[in-house]
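A closer look at the structure
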Amino acid sequence: MQKKRTVQLFLTATAALLLSACGGGGSSQGGDEGAGSNIPYLRTNHANYTEDGSSMTPAPTKDAARKSITWTISAKTQEDASKLADHIRYMDAQLKANKNPRAFDKLFLMEAYMKYNNQYTSSVEQSGTSVVVTKQAKNSCAYEVISAHSDAVSGDFFARGDTSQNYSARAEQILASSACQDQKTAIEAYISERQR
Ligand code: HEM
């Protein structure tokens, strides 16, 4: 009996170890969302990207009055720039196709809801090693969501190559704010249907 129990414990521990080595078992934390996402490349090479004309980490330029966010990013190589631009195009297409990258994370679920319901637009242009991204929200709720997402991209993804954080608490704050009052019920229903 004792021997059987020990074997069981050993097998469970090994399974858990294997799962964590393969990136957390799908999108529980920081899944990589498919080959076309370029996420593993971006995570590994995050330090190859700087704010245009400086050695600083890329940071969003926010215009709350216009509800827009702009990025002007310099990449070390043309390949780095292409990988980033392709990542943004890939994710734009995923969201328009009603998919949910990082389905455990309420902030990414809210962004998917906003994109699928056409409440913001995004465009990306690459020339040589330069990548310019523009995101335009159509209302304050959508603006708060893309603004919070841009903080995660700058502060964790670019700065540290860290995609393991969960921004659900930030999403809940935005959902509770006056900016999202008229959409709160619909967004909560969407999140409870899609979160996994
Ligand atoms: C699990 C990891 C990741 C997921 C699920 C993810 C997903 C997304 C999504 C959904 C968008 C928005 C696309 C749109 O609005 O059309 C986006 C944009 C972007 N991502 Fe990622 N991404 C991840 C990791 C990264 C990493 C590691 C970097 C860079 C080191 C990065 C850089 C960017 C940039 C610069 C944008 C455009 C700016 C913005 O949306 O504010 N992402 N990503």
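An account of the accompanying structure is given in this report. (Residues numbered from 1 in each chain as written. Predicted model: local features only at pLDDT ≥ 70, side-chain atom pairs only at ≥ 80, totals over all residues. Heavy atoms only, no water.)

Notes on the nonpolar core
Counting 40 residues, the largest nonpolar core has Leu 84, Leu 107, Met 110, Met 114 and Ile 187 as its most contacted members. When contributions to this core are tallied by element, the ones reaching two or more residues are strand S3 (68-75), helix H3 (78-96), helix H4 (106-116), strand S4 (120-127), strand S5 (130-137), helix H5 (140-160), helix H6 (168-176) and helix H7 (184-194). Among the elements that take part in this core, H5 stands out by supplying 9 residues, more than any other. The contacts of Ile 187, once residues within four sequence positions are left out, are Met 110, Tyr 113, Met 114, Cys 141 and Leu 175. (Core = buried A, V, L, I, M, F, W, Y, C linked by side-chain atoms within 4.5 Å. Buried < 20%, exposed > 50% of the residue type's maximum accessible area, 1.4 Å probe, protein only. Helix = DSSP H or I, 4+ residues; strand = E, 2+ residues; numbered from the N terminus. Contact = heavy atoms within 4.5 Å.)

Some words on the site of the ligand
Near the ligand lie 25 residues; those nearest to it are His 87, Lys 115, Tyr 120, Ser 122 and Lys 135. A distance of 3.1 Å separates an oxygen atom of the ligand from a polar side-chain atom of Trp 71. For the ligand, an oxygen atom lies 3.1 Å from a polar atom in the side chain of His 149. Among the cavities detected, the one that contains the ligand is the largest cavity. Taken together, the elements giving at least two residues each to the shell around the ligand come down to helix H2 (39-44), H3, H4, S4 and H5. The leading source of residues in the shell around the ligand is H3, at 6 residues. Classifying every residue of the shell around the ligand by side-chain character gives 13 nonpolar, 6 polar and 6 charged. (Near = heavy atom within 4 Å. Polar contact = N/O pair within 3.5 Å; in protein donor to acceptor, adjacent residues only side chain to side chain. 1 Å grid on protein atoms, 1.4 Å probe; cavity = no way out; pocket = protein on both sides within 12 Å on 5 of 7 lines; lining within 4 Å. Sits in = over half its atoms within 2 Å of the grid points. Nonpolar A, V, L, I, M, F, W, Y, C, P; charged D, E, K, R; others polar.)

Thoughts on the packing of aromatic side chains
For any pair of aromatic rings, the description rests on two quantities: the centre-to-centre distance and the angle between the ring planes. As enumerated under the stated definition, the model contains 4 aromatic pairs in all. A centroid spacing of 5.6 Å and a plane angle of 50° characterise the contact between Tyr 49 and Phe 158, whose relative ring orientation is tilted. Placement of Tyr 49 in strand S1 (residues 49-51) and of Phe 158 in helix H5 is noted, with a sequence separation of 109 residues between them. Phe 158 shares its class with Tyr 49; the two are buried. The ring of Tyr 41 is capped by Lys 83, whose NZ or CZ atom sits 5.1 Å from the centre of that ring. The ring of Phe 108 carries Arg 102 above its face, with NZ or CZ at 4.7 Å from the centroid. (Phe/Tyr/Trp six-rings, centres within 6.5 Å; stacked < 30°, edge-to-face > 60°. Lys NZ or Arg CZ within 6 Å of the ring centre and 35° of its normal.)

Let's talk about the coordination of the iron atom of the ligand
Protein coordination of the iron atom of the ligand is limited to a single donor, His 87 (NE2), which sits 2.1 Å from the metal. For His 87, the location among the structural elements is in helix H3. (Donors = N, O, S within 2.8 Å, 3.2 Å for Na, K, Ca; no water.)

Section: empty space enclosed by the protein
By the definition in use, this model includes 1 cavity of 30 Å³ or more. Taken as a whole, the largest cavity encloses approximately 660 Å³ of empty space. Taken together, 32 residues line the largest cavity, and the ones lying closest to its centre are His 87, Met 91, His 149, Val 153 and Phe 157. Secondary-structure elements contributing two or more residues to the lining of the largest cavity are H2, S3, H3, H4, S4, S5 and H5. When residues in the lining of the largest cavity are grouped by element, the largest group, 6 residues, is from H3. Looking at the lining of the largest cavity residue by residue, the class counts come to 17 nonpolar, 8 polar and 7 charged. (Points joined across faces, edges and corners; volume = space filled by probe spheres on them.)

Taken by themselves, the reported measurements are silent on function.
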